[in-house]
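The chain contents come next:
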Amino acid sequence: MIVLHIISEQEKQAQSIIEILLTKSLLLDAMLSKKEIYTLNKFTKKITANQYFLIVGQTKALLFNEINEVLKTNFTSSMPVFYAMPIIYMDDNQIKNIKKNIQFV
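What this report covers is the structure whose coordinates are included nearby.

Here is what the cut-offs are and how they apply
Residues numbered from 1 in each chain as written. Predicted model: local features only at pLDDT ≥ 70, side-chain atom pairs only at ≥ 80, totals over all residues. Heavy atoms only, no water. Patch = residues over 30% accessible without salt bridge, like charges linked within 9 Å, V, L, I, M, F, W, Y side chains within 5 Å. Areas by Shrake-Rupley, 256 points an atom, 1.4 Å probe, with all protein chains shown as cover. Salt bridge = Lys/Arg side-chain N within 4 Å of Asp/Glu carboxyl O. Helix = DSSP H or I, 4+ residues; strand = E, 2+ residues; numbered from the N terminus. Contact = heavy atoms within 4.5 Å. Core = buried A, V, L, I, M, F, W, Y, C linked by side-chain atoms within 4.5 Å. Buried < 20%, exposed > 50% of the residue type's maximum accessible area, 1.4 Å probe, protein only. Pairing = 2+ DSSP bridges. Axes fitted to C-alpha atoms, helices over the stretch in contact; angles between N-to-C directions. Expected span 1.5 Å × (residues − 1).

### Quick look at a nonpolar patch on the surface
Argument step 1. A cluster of nonpolar side chains, namely Y38, L40 and I47, defines an oily patch on the protein surface of about 360 Å² accessible area.
Argument step 2. Its location among the elements puts Y38 in strand β2 (residues 31-40).

This is the structure:
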């Protein structure tokens, strides 16, 4: 089991990603939140903040490549940042829920 983080610059794109992944049963659920990401300009030494949209969702690790392909296919010109973190511990009932409601691999 993994937790996906998908970071988009556009709210509309983030909502579209959620719709696609939930419809294809590639995510159990999705949480969308607005975040500010701070970066340091190496030349001016100034910190700037930019607004992004973070999607967090649970899925099976074996679906990572399929989700990656879906994102690449649907968002060729503006691929969102996309990575996963393993779920080390989880309640047995929650694991059963993911296995039951996520696409069979």
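### Looking at the side chain of Q13
Argument step 1. Structurally, Q13 can be placed in helix α1 (residues 11-23).
Argument step 2. The residues touching Q13, leaving out its near neighbours within four places in the chain, are S8, F75, S78 and P80.

### Here's the deal with the nonpolar core
Argument step 1. Judged by nonpolar contacts, the single largest core of 20 residues is most densely connected at I6, I17, L21, I67 and L71.
Argument step 2. Contributions of two or more residues to this core are made by β1 (2-8), α1, β3 (47-59) and α2 (64-74).
Argument step 3. Not counting the four nearest positions on each side in its chain, L71 is found in contact with I6, I17, M79, P80 and F82.

### With respect to the pattern of salt bridges
Argument step 1. Counting across every chain of the model gives one salt bridge.
Argument step 2. Between E69 and K72 there is a salt bridge; the shortest N-O distance is 3.5 Å. Here E69 and its partner K72 are both found in helix α2, three residues apart, which amounts to about one turn of the helix.
Argument step 3. The exposure class assigned to E69 is partly exposed, which follows from its relative accessible area of 43%.

### Considerations on the sheet that holds strand β4 (residues 81-86)
Whenever strands of a sheet pair, they do so through backbone hydrogen bonds, lying parallel or antiparallel.
Argument step 1. Strand order in this open sheet of four strands is β2-β3-β1-β4, and the pairing throughout is antiparallel. Taken across any chain shown, the strands that pair with only one partner, and hence form the sheet edges, are β2 and β4. Adjacent strand axes in the sheet meet at a mean angle of 30°, parallel and antiparallel pairs treated alike.
Argument step 2. As paired elements, β1 and β4 share six bridges and run antiparallel to each other. Following the sheet pairing, I6 is matched in β4 by F82.
Argument step 3. Packing of α1 onto the sheet brings it into contact with β1, β2 and β3, and relative to β3 it is tilted by some 10°.
Argument step 4. α2 rests against β1, β3 and β4 of the sheet, and its axis sits at about 165° to β4.

### Examining the pairing of β3
Argument step 1. One ladder, built from seven bridges, connects β1 with β3; its direction is antiparallel. Within β3, the residue paired with I6 across the bridge is I55.

### Description of unusual backbone geometry
Argument step 1. Look at S25: it is not a glycine, yet its phi comes out positive at around 55°.
Argument step 2. Mapping S25 onto the fold places it in the loop between α1 and β2.

### Details of α1
Argument step 1. For α1, spanning 13 residues, the distance from its first C-alpha to its last is 18 Å, which sits close to the expected 18 Å at 1.5 Å a residue.
Argument step 2. By the burial criterion, the buried members of α1 are Q13, A14, I17, I18, I20 and L21.
Argument step 3. Close packing links the buried residues of α1 with β1, β2, β3 and α2.
Argument step 4. Two residues or fewer past α1, S25 is found with a positive phi of approximately 55°.

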